[in-house]
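Next come the chains, spelled out residue by residue.
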Amino acid sequence: MNMQYPGLFQDIDLLSVFRPLVKHLWTLWELVLVGEPIMIFSPGTPRRASDAVLGLAGLVAPLPFAADYRPFFTIYDVDFQPYRAQCAAGDMIAPAGLLIGCTNPMLYQQLEKW
């Protein structure tokens, strides 16, 4: 951790994680800052999804990230079934500030209305 600029997850290399989306980092920063729920889907490795979630949580430093973040969300997570049921009913309201990372295409399809 770089103590000159304190904050969570400052050792995540945002450029390597978000290289294809560099021009959208400002928008992502705004979404994280105002507490919009974000799902990161990475068809690659779990590490890439986790780094993306942790990197986004660290973007607001030196402000503390005060919302729920789950670097690797799976269908076995305790909150998956309630989220899936809400999406199926058409009344999905994701919690404010929720950041989740996933690699499973089924999870992405089940929560597509998010």
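Residues numbered from 1 in each chain as written. Predicted model: local features only at pLDDT ≥ 70, side-chain atom pairs only at ≥ 80, totals over all residues. Heavy atoms only, no water.

K.L.:
In this structure, what is going on with the layout of surface pockets? I would like to understand it.
P.N.:
Within this model, the largest pocket holds a volume of roughly 190 Å³. Every residue along the wall of the largest pocket is listed here: V17, F18, P20, L21, L28, I40, F41, S42, P43, R48, A49 and A52. For the lining of the largest pocket, the secondary structure elements donating two or more residues are β1 (38–41) and α3 (46–58). Looking at side-chain class alone, the lining of the largest pocket contains 10 nonpolar, 1 polar and 1 charged residues. (1 Å grid on protein atoms, 1.4 Å probe; cavity = no way out; pocket = protein on both sides within 12 Å on 5 of 7 lines; lining within 4 Å. Points joined across faces, edges and corners; volume = space filled by probe spheres on them. Helix = DSSP H or I, 4+ residues; strand = E, 2+ residues; numbered from the N terminus. Nonpolar A, V, L, I, M, F, W, Y, C, P; charged D, E, K, R; others polar.)

K.L.:
What exactly am I supposed to notice about the nonpolar core here?
P.N.:
Grouped together as the largest cluster of nonpolar side chains are 17 residues, with contacts concentrated most on F18, V32, I38, I40, L56, F65 and L99. Contributing elements (two or more residues each) for this core: α2 (25–34), β1 and α3. Take this core: its biggest share by element is 5 residues, from α3. Apart from the residues lying within four places of it in its own chain, the contact partners of I40 are A49, A52, V53, L56, I100, G101 and C102. Formed by 11 residues, the second largest nonpolar core is a distinct cluster that contains C87, M92, L98 and C102. (Core = buried A, V, L, I, M, F, W, Y, C linked by side-chain atoms within 4.5 Å. Buried < 20%, exposed > 50% of the residue type's maximum accessible area, 1.4 Å probe, protein only. Contact = heavy atoms within 4.5 Å.)

K.L.:
Looking at this structure, how should I read the packing of aromatic side chains?
P.N.:
For any pair of aromatic rings, the description rests on two quantities: the centre-to-centre distance and the angle between the ring planes. Tallied over the entire structure, the rule returns 3 aromatic pairs. When the ring of F65 is compared with that of Y69, the centres are 5.8 Å apart and the planes differ by 65°; the resulting orientation is edge-to-face. Under the relative-accessibility criterion, Y69 is labelled partly exposed at 29%. (Phe/Tyr/Trp six-rings, centres within 6.5 Å; stacked < 30°, edge-to-face > 60°.)

K.L.:
When you look at unusual backbone geometry in this model, what are you seeing that I'm missing?
P.N.:
Note on backbone geometry: most residues besides glycine have negative phi, and most peptide bonds are trans. Note that the residue after A61, namely P62, is joined by a cis bond; omega there is 10°. Structurally, the position occupied by P62 is in the loop between α3 and β2 (69–70).

K.L.:
Honestly, the sheet that holds β1 in this entry has me stumped. Any pointers?
P.N.:
Through backbone hydrogen bonds, the strands of a sheet pair up, either in parallel or in antiparallel fashion. Ordered by their spatial adjacency, 3 strands build an open sheet running β1-β3-β2, and the pairing between neighbours is parallel. Both outer strands of the open sheet, β1 and β2, are each paired with one neighbouring strand and no more. Where β2 lies against strand β3 (residues 99–102), 2 bridges are found, and the strand directions are parallel. Its bridge partner being in β3, R70 is matched across the sheet by I100. (Pairing = 2+ DSSP bridges.)

K.L.:
Explain the environment of W114 here, please?
P.N.:
Here W114 lies in the segment after α5 (105–110). On the basis of relative accessible area, W114 is assigned to the partly exposed category, the value being 24%. Residues W114 and C87 lie 27 residues apart in sequence; the distance between their C-alpha atoms is 7.0 Å. What W114 contacts, discounting residues up to four positions off in sequence, is P37, I38, M39, C87, M92, A94, L98 and I100.

Interpretation note: all reported values are geometric properties and have no functional meaning in isolation.
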